[in-house]
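This is what each chain is made of:
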Amino acid sequence: MARTTFYPLLSLVVAASLSGACSSELDGKPKAQVDDVKKVEAKTDTKTDAPAAATRTLKLDKTGSSIGFVGAKLTGDHKGGFEEFEGEATLAGDQVTALRVTVQTPSVTSDAPDLTGHLKSKDFFEVETYPTAVFTASEFVPKAGENGVTHELGGELELHGVKKAIRFPAKITVDAGGAQGQAEFTINRKDFKIEYPGKPDDLIKDEVLLKLDLKFKAG
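Residues numbered from 1 in each chain as written. Predicted model: local features only at pLDDT ≥ 70, side-chain atom pairs only at ≥ 80, totals over all residues. Heavy atoms only, no water.

Caption draft 1: Highlighting the pattern of salt bridges. Here the structure, examined in full by the defined rule, presents 15 salt bridges. One salt bridge in this structure joins Lys143 and Glu152, with 3.7 Å as the shortest N-O distance. Here the salt bridges do not stand alone but share partners, grouping Glu139, Lys143, Glu152 and Arg167 into one network. (Salt bridge = Lys/Arg side-chain N within 4 Å of Asp/Glu carboxyl O.)

Written as C-alpha cells, this is what we have:
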C-alpha cells in the first residue's frame, strides 16, 4: 500500500476509535417510552367503593427546582437547561394524581454562549414559533427501580409543536412540606422533529438526556 494512502486511512481509524470510546452522561440512562398520542389505549377503570381522599393543589417552587438536559456529539457532551417554567401538582391524600409543567423555551441556556443562541434557532427549539413546551402527567404507577425510583409516570409531552405520549421512571416523595419528583431519562429528539445533524465531522446523537428535579409546595 502506498504511503500516501496509508496515513490518511490510519488517521480515520484512530479518529473513529477515539470517538467510539468517548464516554457520555447519557450512557446507561433509561429510555423513555414515546408513542403517538392516538395509539395510547384508554386507562382501565379503577374505581372502588373507598371514600375519595381530600385533594389539594401545590405550586411548582421554581427556586428549588431545575429542568435540564444533556446533548451529546461524537466528541463530547453539552449541558443545558431552562430558566423559566411554572407548574402545579394535584395530590389526593399522600398520592400525586396529576401534574403539569410549562416551560418557556426562550429561556434556554447552555454551557456555551454560541450554542445557546443556536438552540433558540430553527435548527433546535425554534423558540419564536414554539415559545412553550408542556408536560402533563396523569398516571403514577408504583414501580420500584434503580437509583431510588418509586414510580412510572405516564402522560404527554408537547415539544417543538409535536405532542407525544410518554412514560418514564421517576422518584416521587410526598411529605408535610409538599411533593418532590426527580427523573433522568433519554428521549429521541427526532420524535419531536428536532433533526439538525450537526457538523459532518462531529455529528449530534439522536438521544437527549432530560434531567428533572421538581419541588411542589402549597401556594
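Caption draft 2: Fine view of the packing of aromatic side chains. Taken as a whole and judged by the stated rule, the model has six aromatic pairs. Ring plane angle 70° and centroid distance 5.4 Å describe the contact between Phe82 and Phe125, whose orientation is recorded as edge-to-face. Taken together, the positions of Phe82 in strand β4 (residues 76-82) and Phe125 in the loop between α2 (113-119) and β8 (132-142) put the pair 43 residues apart, joining distant regions of the chain. Residue Phe125 is classed as buried on the basis of its relative accessible area, which comes to 12%. An aromatic cluster of at least three residues, connected via ring pairs, comprises Phe69, Phe82 and Phe125. (Phe/Tyr/Trp six-rings, centres within 6.5 Å; stacked < 30°, edge-to-face > 60°. Helix = DSSP H or I, 4+ residues; strand = E, 2+ residues; numbered from the N terminus. Buried < 20%, exposed > 50% of the residue type's maximum accessible area, 1.4 Å probe, protein only.)

Caption draft 3: Layout of the nonpolar core. Core analysis: the biggest nonpolar cluster contains 42 residues, and Phe125, Ile166, Phe168, Phe185 and Ile187 have the highest contact counts within it. Setting aside chain neighbours within four positions, we find Phe125 in contact with Phe69, Phe82, Val108, Leu119, Tyr130, Leu159, His160 and Ile194. (Core = buried A, V, L, I, M, F, W, Y, C linked by side-chain atoms within 4.5 Å. Contact = heavy atoms within 4.5 Å.)

Caption draft 4: Geometry of the pairing of β4. Pairing of strand β3 (residues 66-73) with β4, which is carried by seven bridges, proceeds in the antiparallel orientation. Following the sheet pairing, Lys73 is matched in β4 by Gly76. As paired elements, β4 and strand β7 (residues 108-110) share three bridges and run antiparallel to each other. The residue bridging Gly80 from the neighbouring strand is Ser110, located in β7. (Pairing = 2+ DSSP bridges.)

Caption draft 5: Region of interest: the environment of Pro142. With respect to the helices and strands, the residue Pro142 is situated in strand β8. When the C-alpha atoms of Pro142 and Ala170 are compared, they prove to be 9.8 Å apart, with 28 residues separating the residues in sequence. When neighbours within four sequence positions are excluded, Pro142 is seen to be in contact with Thr150 and His151.

Caption draft 6: Quick look at the confidence of the model for the protein chain. In this model, the protein chain carries a mean pLDDT of 87, and residues with pLDDT of at least 70 account for 84%. Looking across the protein chain, the model is least confident in helix α1 (residues 3-21), with a mean pLDDT of 43, and most confident in β7, with 98. Note on residues 1-21: pLDDT is under 50 here. Beyond four places in sequence and across chains, it has four contacts. (pLDDT = per-residue confidence, 0-100.)

Caption draft 7: Structural context of the side chain of Asp202. Looking at the element boundaries, Asp202 is found in strand β13 (residues 202-217). A polar contact of 3.4 Å, which involves the side chain of Asp202, links it to the backbone nitrogen of Leu74. A distance of 2.7 Å separates polar atoms of two side chains, one belonging to Asp202 and the other to Thr75. Apart from residues no more than four positions distant in its own chain, Asp202 is found in contact with Lys73, Leu74 and Thr75. (Polar contact = N/O pair within 3.5 Å; in protein donor to acceptor, adjacent residues only side chain to side chain.)

Caption draft 8: Examining the pairing of strand β5 (residues 85-92) more closely. Two elements, strand β2 (residues 55-60) and β5, share five bridges in a ladder whose sense is antiparallel. Bridge pairing in β5 links Thr55 to Ala92. With eight bridges connecting them, β5 and strand β6 (residues 95-104) associate as antiparallel partners. Each residue of the ladder has a partner; that of Glu88, found in β6, is Arg100.

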